[in-house]
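Working through the structure, step by step
What follows is the residue order along each chain.
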Amino acid sequence: MRPLRLMFEGFGSYREETDVQLHDVDFFVLTGPTGAGKSTVIDALCFALYGTVPRWGKGNVIRNALAPSVNEGKVCLVFEAAGGRYAAVRLLRRTAQGNVQTKEARLDQLDAGVPLDADLTKILENPVASLAEGDKTTGAVSELLGIGYEQFTQCVVLPQGRFAEFLQAKPSDRQDLLIQLLAYAVYEDVGQRARERARVAKSKLEMTEKQLNQIGTVTDEVVAAAEKRVTDLEALVPAVDEAVEKMADVRERWKDAHAATETARQAHSDLGGLRRPGDVVDLATRLADAEEQVTRRTVERTEAEQAEADAETARAGLPEHAELSRWRDAHTRFAALITRLERLRATADAAEAAERAAAAEFTAAEQGVAEAEEAQTVADRADRAVALAADLVEGEPCPVCRQQVHDLPHHAVPADLNEARAAVKAAKTQVTASRKAHGEAGKAAASARAEVEATERQSAELTAELRSAPPLAEVEAALEKREAADAAAERARTRARAARRAVEEAQKQRAALGDEEQLAWQALRAGRDRYVALGAPPVEGADLAAAWKALLTWADEQKTTLADRLADLEQNERALTSEGTTALADVTRLLDEHGVPVPPKEKPDVALGRAVEGARRDRESLAEKRSRSSALAEEVEQCREEEQVARMLGNLLKSNGFEAWLCAEALESLVTEASEILMQLSGGQYELHRDARNDLVVLDHNDAGTTRPVNTLSGGETFQASLALALALSHQVVGLSGGKRDLSSMFLDEGFGTLDEATLDTVAATLERLASETERMVGIVTHVPALAERVPVQFAVTRDGASSRLRRVEV
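Report on the accompanying structure. (Residues numbered from 1 in each chain as written. Predicted model: local features only at pLDDT ≥ 70, side-chain atom pairs only at ≥ 80, totals over all residues. Heavy atoms only, no water.)

A look at the overall build of the protein chain
Looking only at helices and strands, the protein chain features 19 helices and 15 strands. Here the protein chain holds 811 residues, and 38% of them are scored as buried. Restricting to contacts in the protein chain with at least 6 residues of sequence separation, those with at least 24 account for 70%. Accessible surface for the protein chain amounts to roughly 45500 Å². Of this, 51% is attributable to carbon and sulfur atoms. (Helix = DSSP H or I, 4+ residues; strand = E, 2+ residues; numbered from the N terminus. Buried < 20%, exposed > 50% of the residue type's maximum accessible area, 1.4 Å probe, protein only. Contact = heavy atoms within 4.5 Å. Areas by Shrake-Rupley, 256 points an atom, 1.4 Å probe, with all protein chains shown as cover.)

Structure (structure tokens):
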């Protein structure tokens, strides 16, 4: 698997769309500050393929996939695998409850002809095939790459903090990984095929032995007798062929005679079926009747059409019915308008009188309000004077004029102020009611006047319309006369139509008889044409009965002649039948004497040929049996050997020991190469070995060659050993799997900070050589500037408050 394009948006710390183009990269590094989002790029690659990331813990936990405050995200990886181009796409969304779910997942095969630097949408559109969708996507990716998620994160992506998993794994877990990488299913398939081949070989062996037992003993005398049988039958062939040729000649002559007999017999029979139709005699009578009927109906049609024209002439001199109806309707509407106008004028006069009365009442009500308000003003003034006088004190100044009061004034008791106010209120209420009544009366009077005016306009219009119209009595009389004329014209038209239909029907009946006469002549000519080959005379003249009589007379004479000729033909046919029967009996008797039966309806030469072929087959079968037995014996031995070899191979590959042996050999090869790399990385201090239980151990040359478990190494030493094992595994996976696994990429996340300068230089050189010599993509994540500077392609990762960002830097 080799990545070509990686796009992600809303994934991890990347809120914005990020497109990483890797199709032209063999060796690259991701650099940037801690927490910038370097490892997230490797996480996106792993998530696109398998839907999970090692750093998240459980495989089904994806709540960390979406960037904070982002509700949707997308990850797309375009990669090469197994000689094809593919795309793994996963869409994420956040639910209303805050949970993160995979909205869509799919694996498509793409068109490899689209340039890899084209727009990603163009690369993804129109896939060659859709390989999987939804929950089946991860399984399809595992099947395509040949490894699952666990193996991918130990062989291709070595995530942060999990470098040592393969190094420190249990032997059984390490063996499970090797089984996946070694494509052990190939060996299982070979074993299954070997066992199936053994079953087939065993079945073939049993069948061959059975055939060998079924072949009996064949002596030379039996073969010689079969040879003599063939010679005797072959000697009969010339005589039988001659007899068959003679029979064929007799059969041909009989066929000609039989055909002539049948032709004469058929002609005699056909002449006997010639009959004159029974209705030929009365056909002329029926034609005369039809002609008379046509003439009479034509006269009736002429009379009816003349009556129709007269009625139309009388109708044309009268006024149109529509105009008369319009005048009558106008007279009727004018009389109704006059009556309605008188009623509306009376109504309008009454409404105007009511309006005048309401206006007088309204004026009186307003006068009453003025008088009540004046009385209220007088009462109010008196009430205030009385109240002021009550507070005056002799010798004290007046609060109004500030003069000293010498004599207290005396006022009469004023009228009730509340009564005056109530009177004003009542007067105003009466004004309001009067105003409303006056308004309503005015509206009613205006409406009545408008209706009178409209009716008067209609009356004037009808008066103008009727100015040129006759009086109503004259209009009604003219309308009655017009309707009578229309009815008379309609009756005349109806009679004319009936007369025309009667003429058409009479002409149809005459035409039908003409067709019948024509058909009778055609029947005569067709009957005569059947016997043209026998010399039938031509049809002449216009007399149908005479023509029929001449044809029937000729037929009677011809039948007499054919009867005499038919007797001679039948006699010749019987003689040829007898001659053929005798020839067949002679050749049948000859074949029967040599044991060759002739079935009914089969030619003697065919029966003899079949007998000769059977004798030859018997002779060849007997000769073949003598050589077949030796060949079957050799075949039995070959089948027995093939069955034994296939059974042994199937049993060997079926054994669990073979799996353990194969994994042990693969692990030994890996450990050998990893040990050489570790010696380079550790400066010659450590070698990597496996003990008797397949546990990995290191040999420490700086400690007198002491052997100790790999889990006793320090952090930096563990990174060196894990890296050495990972590099060896990546280098050997193609060879170990027989070409079934091609992990053409490797991604290392952190761990380089624990290496000293010399070791770091060795690691860098090893990674450079791995990328250049093996055509394998190598990607690393590091904070170490000295290592990053040696990588030809750098992706600088930064992060601000909103999102992580990635920028390609060419060194």
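Notes on the packing of aromatic side chains
Aromatic ring pairs: the centre-centre distance and the angle between the two ring planes describe each pair. All told, the structure shown has 6 aromatic pairs when counted by the stated rule. Ring centres of Phe11 and Phe47 lie 5.5 Å apart, and the angle between their planes is 40 degrees; this geometry places the pair in the tilted category. One end of the pair, Phe11, is in the loop between strand S1 (2-9) and strand S2 (18-21); the other, Phe47, is in helix H1 (residues 38-50), with 36 residues separating them in the sequence. One aromatic cluster in this structure is built from Phe28, Phe747 and Phe795. (Phe/Tyr/Trp six-rings, centres within 6.5 Å; stacked < 30°, edge-to-face > 60°.)

Quick notes on the sheet that holds strand S10 (residues 696-700)
Strand order in the open sheet formed by 3 strands is S9-S10-S11, and the pairing between neighbours is antiparallel. Whereas interior strands pair on both sides, the edge strands pair on one side only; in this sheet they are strand S9 (686-690) and strand S11 (706-709). The sheet shows a mean angle of 35 degrees between the axes of neighbouring strands, taken without regard to direction. With 4 bridges joining them, S10 and S11 adopt antiparallel strand pairing. Bridging across to S11, Asp700 finds its partner in Thr706. (Pairing = 2+ DSSP bridges. Axes fitted to C-alpha atoms, helices over the stretch in contact; angles between N-to-C directions.)

Details of the sheet that holds S1
With antiparallel pairing, the 6 strands of this open sheet are ordered in space as S2-S1-S4-S5-S6-S7. This sheet does not close on itself; its edge strands, each paired only once, are S2 and strand S7 (129-133). Adjacent strand axes in the sheet meet at a mean angle of 15 degrees when their direction is disregarded. As judged from the 4 bridges shared by S1 and S2, these two strands associate in the antiparallel manner. By the bridge assignment for S2, Met7 is matched with Asp19. Of the strands in this sheet, strand S4 (72-81), strand S5 (84-94), strand S6 (100-109) and S7 are in contact with helix H3 (residues 137-145), which crosses S6 at around 40 degrees.

Concerning the nonpolar core
Core analysis: the biggest nonpolar cluster contains 50 residues, and Phe11, Leu49, Phe79 and Phe152 have the highest contact counts within it. The element that contributes the greatest number of residues to this core is H1, accounting for 9 residues. Every residue in contact with Leu49, bar those within four places of it in the chain, is listed here: Met1, Leu77, Phe79, Ala88, Arg90, Thr138, Val141, Leu145 and Phe152. If you look at the next biggest cluster of nonpolar residues, it comprises 40 residues, including Val710, Leu770, Ile780 and Leu787. (Core = buried A, V, L, I, M, F, W, Y, C linked by side-chain atoms within 4.5 Å.)

Observations regarding unusual backbone geometry
Of note in the backbone geometry, Asn126 takes a positive phi value of approximately 55 degrees without being a glycine. Secondary-structure assignment places Asn126 in the loop between helix H2 (120-124) and S7. Phi at Ala704 is positive, roughly 60 degrees, even though this residue is not glycine. Assignment of secondary structure puts Ala704 in the loop between S10 and S11. Taking relative accessible area as the criterion, Ala704 reaches 78% and is therefore assigned exposed.

Details of the pairing of S4
Extensive coverage of S4 is indicated by the burial of 7 of its 10 residues. In this sheet, S4 lies alongside S1 in antiparallel orientation, the contact comprising 7 bridges. Looking across to S4, one finds that Glu9 is bridged to Lys74. Note: S4 against S5, 10 bridges, orientation antiparallel. Residue pairing across strands places Lys74 opposite Leu91, the latter belonging to S5. The antiparallel hairpin formed by S4 and S5 contains 2 residues in its connecting segment, where Ala82 sits at a positive phi of about 55 degrees.

Structural notes on a negative patch on the surface
The grouping of Glu9, Glu17, Asp119 and Glu125 at the surface amounts to a negative patch. Its place among the elements puts Asp119 in the loop between S6 and H2. (Patch = residues over 30% accessible without salt bridge, like charges linked within 9 Å, V, L, I, M, F, W, Y side chains within 5 Å. Salt bridge = Lys/Arg side-chain N within 4 Å of Asp/Glu carboxyl O. Lys, Arg positive; Asp, Glu negative; His and termini not counted. Charge placed at Lys NZ, Arg CZ, Asp CG, Glu CD.)

Examining the pattern of salt bridges
For the structure on display, the rule yields 34 salt bridges. Residues Asp108 and Arg106 are paired through a salt bridge, measuring 3.0 Å at the closest nitrogen-oxygen approach. A salt bridge links Arg616 to Glu613; the nearest nitrogen and oxygen atoms lie 3.1 Å apart. Pair noted here: Arg616 and Glu613 are both in helix H15 (residues 604-654), with a separation of 3 residues, about one helical turn. On the basis of relative accessibility, which here comes to 27%, the residue Arg616 falls in the partly exposed class. When salt bridges with common partners are traced through the structure, they connect Glu312, Glu490, Arg493 and Arg497 into a single cluster.

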